[in-house]
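# What the coordinates show
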Protein chains: 2
Amino acid sequence: MPAEVPHTSRKPRLLDIAQVSGVSTATVSRVLNGKPGVGEEVRTAVIAALDMLGYKRPAALLPKTSGLIGVIVPELNNPIFPAFAQGLEQRLSHRGYTALLCTQSPGGTTEDDSIQVLLGQGVSGLILVSGLHADSSADPGRYGDLRARGLPLAFINGYAPGVDGFFASTDDAAGVDASVRHLITMGHRDIALLIGPDRFAPAQAKIAAFRVALAEQLGVKDARPHIFRTLYTLEGGKEAAKAMVSSGHTALICGSDLMALGAIQGVRSLGLDVPRDVSVVGYDDSPLIAFVDPPLTTVHQPVGAICEAVVLALLGEIDGTPSPRLDLSFRPELIVRSSTGPVPTS
Amino acid sequence: MPAEVPHTSRKPRLLDIAQVSGVSTATVSRVLNGKPGVGEEVRTAVIAALDMLGYKRPAALLPKTSGLIGVIVPELNNPIFPAFAQGLEQRLSHRGYTALLCTQSPGGTTEDDSIQVLLGQGVSGLILVSGLHADSSADPGRYGDLRARGLPLAFINGYAPGVDGFFASTDDAAGVDASVRHLITMGHRDIALLIGPDRFAPAQAKIAAFRVALAEQLGVKDARPHIFRTLYTLEGGKEAAKAMVSSGHTALICGSDLMALGAIQGVRSLGLDVPRDVSVVGYDDSPLIAFVDPPLTTVHQPVGAICEAVVLALLGEIDGTPSPRLDLSFRPELIVRSSTGPVPTS
């Protein structure tokens, strides 16, 4: 017999809200009536439950906007970018800020365009995710101009030396190192790295770590034949996988999950199986990636922790506490699922 | 031997650009030098290739911003919303407009907040995706105030009668009807609908279409025991699936792909297999959903066509040509993959 969430009644039902928010009905009542003595976290949980159940918030609970924060992502097709955007928006809005989000697409708006637009909108700070700060061929001078205006800046994934801002990145080297170790444990010796354009700092970090890991752990002196540079796309991963498997590799470490999905297609197009014949490791641990076939072994980017650190640093700076000028490194975790297995015996 | 995309040279190489954009080197040269006689589509393809290969655009090719368009999505966790956001941004930016995107999260910024913020930013028009216009319990008066200011409005997926704007929606009824027909063809008679809160127009349309389909095609007089209302989440889908399979249903039509992934988990948690024991149909055909296990049979929302229509209508209105005041309906397609199969014989 189907249970139903009671959406038809428009009057908030304390019991439902208590159930969804995980607090007592008495606490729900205190929050709804704006009574004191309720912590911020509990208050947020109750408002979130109201929203989820579709009830109107009491006027006193409407958030007050302290200001606007510009958030720029390079695109939304790779699921890791919506994850960062949503993680930042959520944390900003819970602290009273509104995120103005700009995305880009090839041939359209550029990062510089987006920055100009957001500046024109009077944002109090700017967060860039995988932007030109990560592109070694781009001029970091663009950010100096922003700092000269006193605009607090925070950057995710990528480091531009000399730029006066807060940086937070996933430790790419640690991710690649963990991937190589995992594959060696499974008996693999012919390991390839499939990576995007190497003008980007994260790609450079992954390539460097891959070289070190191959040299130290397998005694490989020249890693070049084991590195394939392509685009961070399904198609890029597919072509790269076909080439590297044809040249005798049994394990492929990919620069992104999207590329890894393409690599699995590439392996299959050769009549081979993942992981029986070839192991594939992704990077990002994007939402839904655990549901793919086979469930992807991948490096989990700590999106939540990075968003939290960046929002705290940026809002602190807006409130007058300069954030530390360093590239905060977040250790990723290798999530072993089913796209990696023992090296084939042949 | 690994091929490499030549990113190191910063000077555009005509051949690479021609290859990626699919036009001749002569045409690439014409575009780069701003010569006339090149169509807008070709020009865009060449600029896109420049961007993808990481070359700087010649100054003459930098887009000029005609104005800002506010785009509001309810969240970015369900992959259909980033797909709409990216589709809108791309089409707006190719026509010289910049998209300012706002997303929401439970307990944080609301749609009304976002609208106020975007109004304050002087947007030339507003596009709402699955917003309160789709919520029958919300007051559509909020949009009347916007129209009184002369702001052009466009709405995706949901219809609010009396609101003066352009509406475009996927034809939910057609999607559900196609799903039911597909399952009946496979021998299923015990078909359930797993759906989100029924205050939303798309949910109402799906429920109505499901009732009609069951009555007309299976002679079911009271569809209520076959409808499970829950939340549009993985967890919602999982719980609903467990309940509906336990009550004897062999096929589950879900209101979203996310819900369908949860439903597959729910079926498996009962020790059953999809599609051997239970068939599952999704809704949206989100990016990457073809890669899940098993590849999901689902209703494809024509995101590109809807975005194109909405952008054309909104920009036309900004330029002085009022768009038609109707709810343009886009016929979805049922994509049959591997999560549906013949009814089990037992």
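Residues numbered from 1 in each chain as written. Chains lettered and ligands numbered in written order. Predicted model: local features only at pLDDT ≥ 70, side-chain atom pairs only at ≥ 80, totals over all residues. Heavy atoms only, no water.

### Focus: the pattern of salt bridges
Residues and elements named next belong to chain A.
- Taken as a whole and assessed by the stated rule, the structure comprises 34 salt bridges over all chains.
- Close ionic contact of Arg 147 with Asp 164 constitutes a salt bridge, the shortest N to O distance being 2.9 Å. Placement of Arg 147 in helix H6 (residues 141–148) and of Asp 164 in the loop between strand E4 (153–156) and strand E5 (166–170) is noted, with a sequence separation of 17 residues between them.
- With relative accessibility at 33%, the residue Asp 164 sits in the partly exposed group.
- Across the salt bridge formed by Glu 317 and Arg 325, the nearest N and O atoms sit 2.9 Å from each other.
- In this structure Glu 317 comes out as buried when scored by relative accessible area, which is 13%.
- What you see here is one network of salt bridges that share partners, running through Arg 147, Asp 164, Glu 317 and Arg 325. (Salt bridge = Lys/Arg side-chain N within 4 Å of Asp/Glu carboxyl O. Helix = DSSP H or I, 4+ residues; strand = E, 2+ residues; numbered from the N terminus. Buried < 20%, exposed > 50% of the residue type's maximum accessible area, 1.4 Å probe, protein only.)

### Brief notes about the side chain of Ser114(B)
Residues and elements named next belong to chain B.
- Topologically, Ser 114 is positioned in helix H5 (residues 111–120).
- The exposure class assigned to Ser 114 is buried, which follows from its relative accessible area of 0%.
- For Ser 114, the residues in contact, after removing those within four places along its chain, are Ile 72, Cys 102, Gln 104 and Thr 109. (Contact = heavy atoms within 4.5 Å.)

### So, the interface of chain B and chain A
- Listed per partner, the contact involves 67 residues of chain B and 67 residues of chain A.
- Roughly 5,800 Å² is buried in total at the junction of chain B and chain A, and carbon and sulfur atoms are behind 61% of that figure.
- Where chain B packs against chain A, one counts zero salt bridges.
- Where chain B meets chain A, there are 15 residue pairs in polar contact (both at pLDDT 80 or more).
- Secondary structure elements with two or more residues in the side of chain B that touches chain A: helix H3 (40–53), helix H4 (80–93), strand E2 (97–102), H5, strand E7 (227–229), helix H9 (234–246) and helix H10 (257–269) of chain B. (Buried area = accessible area lost by both parts, 1.4 Å probe. Polar contact = N/O pair within 3.5 Å; in protein donor to acceptor, adjacent residues only side chain to side chain.)

### Considering the environment of Asp222(A)
- Of note, Asp222(A) is situated in the loop between helix H8 (201–218) and strand E7 (227–229).
- Among the polar contacts listed, one links the side chain of Asp222(A) to the backbone nitrogen of Arg224(A), at a separation of 3.0 Å.

### Quick look at the domain arrangement of chain A
- Taken domain by domain, chain A consists of domain 1 (14–61), domain 2 (67–171 + 302–330) and domain 3 (172–301).
- Placing the centre of domain 1 of chain A and that of domain 2 of chain A at their C-alpha centroids yields a distance of 32 Å. (Domains from an automatic or database assignment.)

### So, the environment of Val46(A)
All names here are of chain A.
- One can find Val 46 in helix H3 (residues 40–53).
- Remark: the alpha-carbon pair of Val 46 and Ser 29, spanning 17 residues in sequence, is separated by 9.6 Å.
- Apart from residues no more than four positions distant in its own chain, Val 46 is found in contact with Ile 17, Ser 21, Val 23, Val 28, Val 31 and Leu 32.

### Here we look at the sheet that holds E7(B)
All names here are of chain B.
- One open sheet holds the six strands; their spatial order is E7-E6-E8-E9-E10-E12, and the pairing between them is mixed. The open sheet terminates on both sides in strands that have one partner only, identified here as E7 and strand E12 (333–335). On average, adjacent strands in this sheet sit at an angle of 20 degrees to one another, irrespective of strand direction.
- Relative to strand E9 (residues 279–284), strand E8 (residues 251–254) runs parallel, the two being bridged by three bridges. Note on E9: the bridge partner recorded for Ala 251 is Ser 279.
- Along the sheet face, H10 touches strand E6 (191–195), E8, E9 and strand E10 (297–300) and points at about 160 degrees away from the line of E9. (Pairing = 2+ DSSP bridges. Axes fitted to C-alpha atoms, helices over the stretch in contact; angles between N-to-C directions.)

### What about unusual backbone geometry?
- A cis amide bond links Asp293(A) to the next residue, Pro294(A), at an omega of -10 degrees.
- By secondary structure assignment, the location of Pro294(A) is in the loop between strand E9 (279–284) and strand E10 (297–300).
- Even without a glycine there, the phi angle at Leu288(A) is positive, about 75 degrees.
- Mapped onto the elements of the fold, Leu288(A) is located in the loop between E9 and E10.
- In this structure, Ser130(B) is a non-glycine residue whose phi angle is positive, near 45 degrees.
- Look at Ser130(B) and you get partly exposed, because its relative accessible area is 22%.

### Overview of the side chain of Ser339(A)
All names here are of chain A.
- Tracing the sequence through the fold places Ser 339 in the segment after strand E12 (333–335).
- Reaching out from Ser 339, the side chain makes a polar contact with the backbone nitrogen of Thr 297 at a distance of 2.8 Å.
- With near-sequence residues (within four places) excluded, Ser 339 lies in contact with Val 274, Pro 275, Val 278, Ser 279, Val 280, Pro 294, Pro 295, Leu 296 and Thr 297.

### So, the packing of helix H7 (residues 172–185) of chain A against H8(A)
Residues and elements named next belong to chain A.
- Closest axis-to-axis distance for the H7/H8 pair is 8 Å, and the angle between their directions is 35 degrees. Here the hand of the crossing between H7 and H8 comes out right-handed. On H8, the residues that touch Asp 172, Ala 173, Val 176, Asp 177, Val 180, Arg 181 and Ile 184 of H7 are Pro 202, Ala 205, Lys 206, Ala 209, Phe 210, Ala 213, Leu 214, Gln 217 and Leu 218.
- Class assignment for the residues of the contact of H7 with H8 results in eleven nonpolar, one polar and four charged. (Left-handed = near helix turned anticlockwise from the far one by under 90°. Nonpolar A, V, L, I, M, F, W, Y, C, P; charged D, E, K, R; others polar.)

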